[in-house]
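Coordinates in review
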Amino acid sequence: MKKKKLAIVGCGKLAKIIVNAFSNGFLPNYQFVGLLSRSPESAQNLLEKINNAGQNDSCTLCKSIDEVITTRPDIVIETANPEAFKNMGIPVLEKGISIVTLSIGALADDDFQEELKSTCRKSGAKVHIASGAIGGFDVLKTTALMGNSKASIKTTKGPDSLKGTSVYEESLQENEKEVFTGNAKEAISLFPTRVNVAVAASLASVGPEEMEVSITSVPEYTGDDHRIEIENDQVRAVVDVYSKTSEIAGWSVVYTLQNIASPIVFQ
């Protein structure tokens, strides 16, 4: 079988997990052709790991998304942020190159989402949404298809993870507090890089404007807990995932890539 060619945009800790998985034999149907990062040092470190795994020198360190496209990947993996996804999405898809993304928060922008869909229809490329820090997309989508569904997501975080946002205050270090309640669309406008889980769950079910979201800060809490509920007249489903770190997000990309290449697909 001819190996599919991969490029990565964003060479941080999540990309490192993917490359380590490649080095350890989890992605035998792929080879890397391009890396793009704001940090040349991070990209160089990943390049060395790729080459140490036995791949030849066909992987290129790129300085722009245009250079990534010239490496002619089959799939671009985006592990950067929603802004990077918005900047690269259309140019990549127009060339018939598919994308695996973790920055689903960008799809809360209805205009961008529609432009992605239109471009995919014309080029034949696809956007694969990795599950990130949650799961259960199958049951969420299936239940929503049945109609008359309500859905919610309740997230518990430590206060340090909220630093740099408008809801952070020093008192959170001492007192538990619900710092946000609203819908997923409102959440992404307030926390543009921190509620990808809520947007993902909403797009897989009732939509960003209908998905109820609450975020609670708990002193000294480590990691994130996401509890998603969906219910209609016949079904009630709960997906509750606690993750101590963001490592599960990187592994969800590995799983997505395995699924793309597999003759038997778990949806």
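So, here's what we can say about the structure. Predicted model, so just to flag it, every value in this text is computed and none were measured. (Residues numbered from 1 in each chain as written. Predicted model: local features only at pLDDT ≥ 70, side-chain atom pairs only at ≥ 80, totals over all residues. Heavy atoms only, no water.)

1. Topic: the overall build of the protein chain
A count of helical and extended segments in the protein chain gives 9 helices and 11 strands. By the compact-globule yardstick of 18 Å for 267 residues, the protein chain fits well, its C-alpha radius of gyration being 19 Å. Viewed in the frame of its principal axes, the protein chain has a C-alpha envelope of about 50 × 45 × 30 Å. Approximately 13600 Å² of the protein chain is accessible, and the part contributed by carbon and sulfur atoms is 47%. Side-chain charges in the protein chain split into 27 positive and 33 negative, and the spacing between the mean points of these groups amounts to 8 Å. (Helix = DSSP H or I, 4+ residues; strand = E, 2+ residues; numbered from the N terminus. Rg over C-alpha atoms; globule rule 2.2 N^0.38 Å. Areas by Shrake-Rupley, 256 points an atom, 1.4 Å probe, with all protein chains shown as cover. Lys, Arg positive; Asp, Glu negative; His and termini not counted. Charge placed at Lys NZ, Arg CZ, Asp CG, Glu CD.)

2. A closer look at the pattern of salt bridges
Counted under the stated rule, the structure contains 10 salt bridges. The salt bridge partner of Arg-227 is Asp-240, with a shortest N-O separation of 3.5 Å. Residue Arg-227 is located in strand S10 (residues 224-231), and its partner Asp-240 is located in strand S11 (residues 236-243); the two are separated by 13 residues in the primary sequence. Residues joined in a network through salt bridges with shared partners are Arg-227, Glu-229, Arg-236 and Asp-240. (Salt bridge = Lys/Arg side-chain N within 4 Å of Asp/Glu carboxyl O.)

3. Some words on the packing of helix H1 (residues 13-23) against helix H2 (residues 40-52)
The interhelical angle for the contact between H1 and H2, taken along N-to-C directions, is 10°, at an axis separation of 9 Å. Judged by the angle between their axes, H1 and H2 are roughly parallel. On the side of H1, the interface is formed by Ala-15, Lys-16, Val-19, Asn-20, Phe-22 and Ser-23, while H2 contributes Leu-46, Lys-49 and Ile-50. In terms of residue class, the contact of H1 with H2 is built from 5 nonpolar, 2 polar and 2 charged. (Axes fitted to C-alpha atoms, helices over the stretch in contact; angles between N-to-C directions. Parallel < 35°, antiparallel > 145°, perpendicular 65-115°, else oblique. Contact = heavy atoms within 4.5 Å. Nonpolar A, V, L, I, M, F, W, Y, C, P; charged D, E, K, R; others polar.)

4. A few points about the nonpolar core
In terms of nonpolar packing, the biggest core is built from 54 residues, with Val-76, Val-92 and Val-213 touching the most fellow members. In this structure Val-92 touches Ile-65, Ile-69, Val-76, Ile-97, Ser-98 and Ile-99, once residues within four positions along its chain are discounted. By size, the runner-up hydrophobic cluster in this structure holds 29 residues, among which are Ala-15, Leu-47, Ile-77 and Val-253. (Core = buried A, V, L, I, M, F, W, Y, C linked by side-chain atoms within 4.5 Å. Buried < 20%, exposed > 50% of the residue type's maximum accessible area, 1.4 Å probe, protein only.)

5. Some remarks on the sheet that holds strand S5 (residues 98-101)
Ordered by their spatial adjacency, 6 strands build an open sheet running S3-S2-S1-S4-S5-S6, and the pairing between neighbours is parallel. Edge strands, defined here as strands with exactly one partner in the open sheet, are strand S3 (60-62) and strand S6 (127-129). Direction aside, neighbouring strands of the sheet carry axes that sit 25° apart on average. Note: strand S1 (residues 4-9) against strand S2 (residues 30-36), 6 bridges, orientation parallel. From the neighbouring strand, Lys-4 faces S2, where its bridge partner is Tyr-30. Contacts from H1 reach S1, S2 and strand S4 (75-78) within the one sheet, and its direction differs from that of S2 by about 155°. (Pairing = 2+ DSSP bridges.)

The values are spatial; any link to function lies outside them.
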